[in-house]
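# A closer look at the structure
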Amino acid sequence: MPAPSNSAASQWQAHVADKRKRQQASLPLAWLVEPIPEDQTDVSSLPKTCGLLTDRELEITETADVSTLLKKLANTEWSAVEVTTAFSKRAIIAHQAVNCLTEIFIDQALERATELDAYLKEKGTVMGPLHGLPVSLKDQFPIKGLETVMGYAAWIGKVAEDDAVVVKLLLQAGAVLFVRTNVPQTLMWGETYNNVFGRTLNPYNRRLTPGGSSGGESALIAMHGSPLGVGSDIGGSIRIPSHFCGIYGFKPSSHRIPSYGVVNSLDGQESVPTALGPLTTSLSGVTAFFRSILDQEPWRYCPSTVPKPWSEDDYSLKSRGGGVKLCFGIMWDEGSIKPHPPILRALAITQKALEAAGHKVIEWKSLKHADYVAIARSNFLADGSQDYNSCLTTGEPLINSMDPNADPNDIPAFRIPRQPLTAFQIWQLNKEKRALRKELLDRWEATASETGTGRPIDVLICPAAPYAAVPHGQTRSSIYTIIWNTMDYPALIIPVTKVDPEVDVKPTREDFWSEEDKRVHGMYNPDIYKGVPVGIQLVGPTLQEEVVLGVGGVVDAALRAL
């Protein structure tokens, strides 16, 4: 791609400057905090210490359990207006610390909250299951009358003419939409940085990344600036940020939540599709979102959505003894990159908690995961970069690294344009994927001979990444998440612990499984990762979302009881 001319460069930069000025003007002056010192790395407690939130607003926003928020909204203990105000203030505080927001429309949100309070007073009942709950959205979900930039300068001024289907369903469920959140340019990164809104930081250590591509969501929710957000995941974009920021995140199967009207990178690439799902402060938030959408029969509004209603029997684990004496598979590693000590400790904690609760855990050995990743990446690169280039029409350069100190002229191998694949070549990839999915299914079913329950493992426990949140620009392979996108298996992130340098000591290793394994091992410094959250990933077969969520409740309860 030729370098932009000076006039073209100044054009896109002028658009960015104007957009940033308009965004800054949308921040209420009364909610601005004192400048945060550059060397203050942990800002997770800033909302509690800055003095801007009242005791009642702190009580509201510190309520992590979304089901509790919804109950208090429904019984009028808290009004929609005061809950929206509290989370809006906290979101603005969070943004000043970690740069997580893109579109800010609080006045519109407060009007909506006022209408909801009036509805509840007049009708004596809630508008829907999410009545009065503030919900944030990744900057991919168009809202009528608002811009959807998605990290591209060329998309500044692109005003939506209609709501995305999932936006309509959230509104019908009674939600209050109030902010949208930052993403990386092209979305195809495990970090969050673009030329329009800049870099999003991790609240637990601003020198580390919150993950990506839903990093704006994870950073905001980790600071309790939103109780529930909606993101997207094509290779780990919900799960990696959730793991890095210590929140719950869920990637369902690809066509369970309606995607019609959502803007995307690689739009039209359906071999390894994007899945939409929630990021939230509690497991009840995951379930509230998922059930509220499915109960509205989303397949009536989005042609690609699977017509599968919410299954209470699956969620209650009716065919699995009600969740008593389950059997879990555990995958300690995927065979080519060994996880850092805190990741392995989180898995061990989970195993201990489950066994203490009377469940069984058996080992699952990795198999052909490199093949899963190769298929996904080949599909993502099949267009020869035409999709990215079509979005860079104002002279804005393609970002080739998330590293703040990277040479912009140094193009990594995976960013070098490749020859587009032919239709026939894509068909061969699909055949490979089909064979791998069948092999995985058979292998999963074969575990019935080991579980002692008469059925296969109920879910598989595995890492979400080989590390906790890393310094900006240092994310590596997303192999631990992308494998489940290729197989289209639902996957849930549950926070477990935090990095403890005294416990998570760096081991001495002389033999390595691969060059990437050696590099990832070399990245580990327990002092850099100190206090950063660590989660686990729970995986189940395609379209078994309710089972994964039901089992997730069992795991969450066991961890809390330990």
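In short, a report on the structure. Every value quoted in this text rests on a predicted model; they were computed, and no experiment measured them. (Residues numbered from 1 in each chain as written. Predicted model: local features only at pLDDT ≥ 70, side-chain atom pairs only at ≥ 80, totals over all residues. Heavy atoms only, no water.)

What follows covers the pairing of strand S7 (residues 248–251). Here S7 shows a buried face lined by Tyr248 and Phe250 and a second buried face lined by Gly249 and Lys251. Sheet analysis places S7 next to strand S8 (residues 275–280), joined by two bridges and oriented antiparallel. Counted as the bridge partner of Tyr248 is Thr280 from S8. Bridge count for S7 against strand S12 (residues 491–498) is three bridges, and the pairing is antiparallel. Following the sheet pairing, Gly249 is matched in S12 by Ile493. (Buried < 20%, exposed > 50% of the residue type's maximum accessible area, 1.4 Å probe, protein only. Helix = DSSP H or I, 4+ residues; strand = E, 2+ residues; numbered from the N terminus. Pairing = 2+ DSSP bridges.)

In this structure the tally under the stated criterion is zero disulfides. Cysteine Cys50 is unpaired, with the sulfur of Cys100 as its nearest cysteine sulfur at 14 Å. Given a relative accessible area of 25%, Cys50 falls into the partly exposed group. No disulfide involves Cys245; its sulfur sits 10 Å from the nearest other cysteine sulfur, which is in Cys100. (Disulfide = S-S within 2.5 Å.)

Here we take up the nonpolar core. Val135, Leu137, Leu170, Phe328, Leu492 and Val555 are the most contacted members of the largest nonpolar core, which totals 149 residues. In terms of residue count, helix H5 (residues 80–98) provides more of this core than any other element does, 10 residues in total. Apart from residues lying up to four places away in sequence, Leu492 is in contact with Gly249, Phe250, Leu283, Val286, Ile536, Gln537, Leu538, Val548, Leu549 and Gly552. (Core = buried A, V, L, I, M, F, W, Y, C linked by side-chain atoms within 4.5 Å. Contact = heavy atoms within 4.5 Å.)

All right, on to the packing of helix H10 (residues 283–294) against helix H19 (residues 545–561) then. Where H10 meets H19, the closest approach of the two axes is 10 Å, and the angle between their N-to-C directions is 160°. Relative to H19, the element H10 lies roughly antiparallel. Crossing geometry of H10 relative to H19 is assigned as left-handed. Listed contacts from H19 to Leu283, Val286, Thr287, Phe290 and Leu294 of H10 are Glu545, Glu546, Leu549, Gly552, Gly553 and Asp556. (Axes fitted to C-alpha atoms, helices over the stretch in contact; angles between N-to-C directions. Parallel < 35°, antiparallel > 145°, perpendicular 65-115°, else oblique. Left-handed = near helix turned anticlockwise from the far one by under 90°.)

Interpretation note: all reported values are geometric properties and have no functional meaning in isolation.
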